[in-house]
Amino acid sequence: HPHFLFNTLNNIYSFTLKKSGKSPALIQKLSDTLRYMIHECDASSVPLRKELDMIQDYMELEKVRYGSRLTMDIDIQGDNETKMVTPLLMIPLIENSFKHGTSQMLKHPWIVLRIHTVQDWLHFQLTNSRPYSHQTGSVKGGIGIQNVKKRLQLLYPEKHELHIASTDDSFSVHMKIPIEDMHRDNLGMRDNPFFHDINQTLR
């Protein structure tokens, strides 16, 4: 999204004015993130390790805006080196946690991300703080979440789980999706133009 790009460039610019040693690393993370999204996500599946690297770079770039004010807990476990995953399914949910959660918090925003791979399944659990609200329970979410729902229904009919809920002061998403083995095309998707067209249309 343009707001992420411009915010990140402004943050990097402020670091360069201060001649901070963090500037080169931030530029590298932004470059890697853009290169991955623009050049490597046209395929129906990508190496899970690259997707996870992009997610961590994105979250580190966002964290720069908050400094020590944001508590961010990331836990990634499992076999991430030999698996393939549909690209850019997780990132809209993470973007949502910053846009509608932490950015609205004046004090002590926090995000907890758990991504665990178990055999041929990926378990994604994201919880973030949100401004206090008397409205609790399940919520529909914004356009990013709606697009994720559509992609899941088309890509993995009856083979996925997505649960979204909120409390007075938190928002949580749990997603479970099948993943492929690099050496065994379990889902028969990698060279299927149907899945490529779905990803391009709904991304």
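Scroll up to find the structure.
Criteria and thresholds
Residues numbered from 1 in each chain as written. Predicted model: local features only at pLDDT ≥ 70, side-chain atom pairs only at ≥ 80, totals over all residues. Heavy atoms only, no water. Axes fitted to C-alpha atoms, helices over the stretch in contact; angles between N-to-C directions. Helix = DSSP H or I, 4+ residues; strand = E, 2+ residues; numbered from the N terminus. Parallel < 35°, antiparallel > 145°, perpendicular 65-115°, else oblique. Left-handed = near helix turned anticlockwise from the far one by under 90°. Contact = heavy atoms within 4.5 Å. Nonpolar A, V, L, I, M, F, W, Y, C, P; charged D, E, K, R; others polar. Buried < 20%, exposed > 50% of the residue type's maximum accessible area, 1.4 Å probe, protein only. Lys, Arg positive; Asp, Glu negative; His and termini not counted. Salt bridge = Lys/Arg side-chain N within 4 Å of Asp/Glu carboxyl O. Polar contact = N/O pair within 3.5 Å; in protein donor to acceptor, adjacent residues only side chain to side chain.

### Overview of the packing of helix H3 (residues 48–63) against helix H4 (residues 91–99)
Now for step 1: At a minimum axis distance of 11 Å, the contact between H3 and H4 shows a crossing angle of 15°. Taken together, the axis directions place H3 and H4 in an arrangement best described as roughly parallel. Between H3 and H4 the crossing geometry is right-handed. Along the contact surface, H3 presents Met-54, Ile-55, Tyr-58, Met-59 and Glu-62, while H4 presents Ile-91, Ile-94, Glu-95 and Phe-98.
Now for step 2: Tallied by class, residues from the contact of H3 with H4 come to seven nonpolar, no polar and two charged.

### Observations concerning the side chain of Arg-130
Now for step 1: Along the chain, Arg-130 falls in the loop between strand E5 (121–129) and helix H5 (143–155).
Now for step 2: Buried charge without a partner: Arg-130 forms no salt bridge, and the closest opposite charge is Asp-168, 6.4 Å away.
Now for step 3: A distance of 2.8 Å separates a polar atom in the side chain of Arg-130 from the backbone oxygen of Thr-167.

### Observations regarding unusual backbone geometry
Now for step 1: Positive phi outside glycine occurs at Leu-88, with the angle close to 60°.
Now for step 2: Tracing the backbone through its elements, the reader meets Leu-88 in the loop between strand E3 (83–85) and H4.
Now for step 3: Even without being a glycine, Gln-119 presents a positive backbone phi close to 55°.
Now for step 4: Looking at the secondary structure, you find Gln-119 in the loop between strand E4 (110–118) and E5.
Now for step 5: With a relative accessible area of 68%, Gln-119 lands in the exposed category.

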